[in-house]
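# Geometric and topological summary
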Amino acid sequence: MTLSIVGNSLGGLYSRYALSKLDWVFKGSENNQNNNNHYEAKIIPLIFCTTASPHLGISQDTFLKFPRWMEESYVPFLLGQQPTMNDLFRVKNSTIVMEMCHNHYDYLHPLGKFHKRIAVANAYQTDFLVSVSSAAMLSSKSDSMHYHQNNEDNANLNSGMIELSASMTRLMKNSTGHVALQVATTSVAAKTTAPAGKEIYDTKHGTSRSEGEDGAIKSCVDNLDRLGWLKIFLDTRNMFSNFLNLPTTHQLEKKQAIYASRELREQFHRYGTLFPVAHPLNMANSKTSWYRALTKRGQPIMDDLAELLVLDMIEFSEVSESSAQSS
């Protein structure tokens, strides 16, 4: 039995949390007229994908910036004291967002079981709800290395002519021209090891007591990056009139092979629009007729992502089945 997860927005965080509660052996039964057969099936994790998910929360990282004291005092009140908002702003003694990227046994190890992890983020502050830093797990203090993935170098992957390796992964097609960059972090964690131990957190500020705010975010980013991710940065500003967009000089070398986390954050965290609607747009949110009309132009982007996910799931499923038969 295989398992792949796609979580949009908060769904990505909820999915990471749910992994800590998952029993990796499925137990079922089959009833018929003659007997009741019980069976067990091992769950094989394939793809874990998030789209515009606030992996680092949203404290000090909203489109409209609030001082920390205001986040602690007024923002949760204005938002109705919702427990989820307390978690995302790391107020009211909530530490779950930080725990999920520091607690190896409960959260990082299960996430590391998947064959491939994908994070899709909206660049240039085009997302009012979730920043590119949080969605792509970037820190201004982190030197975590991200390796440039080039569709030209990977052009033959979909035809099966090149074998997948640690340095080359199947990429999302850029048929719409809205994929600004695709990078990958290399997995350095042994998938068979589940290190124990939990950080001690300051319950007032929701950070590791030994690190402080920036240090806690940096270690959170570094821990997640060590699992290995394909990160896809989307830039959909050209879907709208030019007068709504702000100029953003591209400071990254297009042929550069390696980027540090802080470099990617500096590039993509700058304001690039006066109309930050990428959160529903790029994910083709269609929950209402109004949303469907607004996000119609985002559908081809999601089609390209869906194709990537399906091709990866088919391949990893075949690899897992082959490994199971040979063992």
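Quick note: structure is the one above.
Residues numbered from 1 in each chain as written. Predicted model: local features only at pLDDT ≥ 70, side-chain atom pairs only at ≥ 80, totals over all residues. Heavy atoms only, no water.

Note on placement: Thr176 falls in the loop between strand 6 (145-148) and strand 7 (179-184). Residue class for Thr176 comes out partly exposed when judged on its relative accessible area of 25%. C-alpha of Thr176 to C-alpha of Arg297: the two residues are 121 residues apart in sequence and 9.7 Å apart in space. Side-chain polar atoms of Thr176 contact the side chain of His178, separated by 3.2 Å. (Helix = DSSP H or I, 4+ residues; strand = E, 2+ residues; numbered from the N terminus. Buried < 20%, exposed > 50% of the residue type's maximum accessible area, 1.4 Å probe, protein only. Polar contact = N/O pair within 3.5 Å; in protein donor to acceptor, adjacent residues only side chain to side chain.)

This part covers empty space enclosed by the protein. Here the structure, examined in full by the defined rule, presents 2 cavities of 30 Å³ or more. Considered as a void within the structure, the largest cavity measures approximately 50 Å³ in volume. Lining the largest cavity we find Thr126, Thr236, Arg237, Phe240, Thr273, Phe275, Val277, Ala278 and Leu281. Counted by class, the lining of the largest cavity contains 5 nonpolar, 3 polar and 1 charged residues. (1 Å grid on protein atoms, 1.4 Å probe; cavity = no way out; pocket = protein on both sides within 12 Å on 5 of 7 lines; lining within 4 Å. Points joined across faces, edges and corners; volume = space filled by probe spheres on them. Nonpolar A, V, L, I, M, F, W, Y, C, P; charged D, E, K, R; others polar.)

Among the residues of helix 1 (residues 10-19), those classed as buried are Gly12, Leu13, Ser15, Arg16 and Leu19. For helix 1, the angular spread of the buried residues around the axis is 160 degrees, confining them to a single face. Those residues of helix 1 hidden inside the fold are in contact with strand 1 (2-8), strand 4 (44-51), helix 4 (83-89), helix 6 (104-112) and helix 8 (212-225). (Arc of directions from axis to C-beta. Contact = heavy atoms within 4.5 Å.)

Another point: a nonpolar patch on the surface. Side chains of Leu64, Phe66, Phe128 and Leu129 sit close together on the surface and give an oily, nonpolar patch of about 370 Å² of accessible area. With respect to the element layout, Leu129 can be found in the loop between strand 5 (116-122) and helix 7 (132-135). (Patch = residues over 30% accessible without salt bridge, like charges linked within 9 Å, V, L, I, M, F, W, Y side chains within 5 Å. Areas by Shrake-Rupley, 256 points an atom, 1.4 Å probe, with all protein chains shown as cover. Salt bridge = Lys/Arg side-chain N within 4 Å of Asp/Glu carboxyl O.)

In this section: the nonpolar core. Within soluble globular proteins, side chains that are nonpolar generally end up buried alongside one another. With 25 residues, the main nonpolar core has Ile118, Met172, Ile232 and Leu305 as its most contacted residues. Those elements that provide at least two residues to this core are strand 4, strand 5, strand 10 (230-234) and helix 12 (299-326). Element by element, the count of residues in this core is highest for helix 12, at 6 residues. Ignoring sequence-local partners within four residues, the contact set of Leu305 consists of Cys49, Thr51, Val120 and Met172. (Core = buried A, V, L, I, M, F, W, Y, C linked by side-chain atoms within 4.5 Å.)

Our focus in this paragraph is the packing of helix 1 against helix 6. Viewed as axis vectors pointing N to C, helix 1 and helix 6 meet at an angle of 100 degrees, and their least axial separation amounts to 8 Å. Classed by the angle they form, the pair helix 1 and helix 6 counts as roughly perpendicular. On helix 6, the residues touching Arg16, Tyr17 and Leu19 of helix 1 are Tyr107, Pro110 and Leu111. (Axes fitted to C-alpha atoms, helices over the stretch in contact; angles between N-to-C directions. Parallel < 35°, antiparallel > 145°, perpendicular 65-115°, else oblique.)

Moving on to the sheet that holds strand 10. Pairing in this open sheet of 7 strands is mixed, and the strands run 1-4-5-10-7-6-11 from one edge to the other. Edge positions in the open sheet fall to strand 1 and strand 11 (258-260), since each of these has one partner strand only. Looking at each pair of strands side by side, their axes are set apart by 25 degrees on average, direction ignored. As paired strands, strand 4 and strand 5 are joined by 5 bridges and run parallel to one another. Its bridge partner being in strand 5, Cys49 is matched across the sheet by Ile118. Where helix 9 (residues 261-268) meets the sheet, it contacts strand 6, strand 7, strand 10 and strand 11, and its direction lies at approximately 80 degrees from that of strand 11. (Pairing = 2+ DSSP bridges.)

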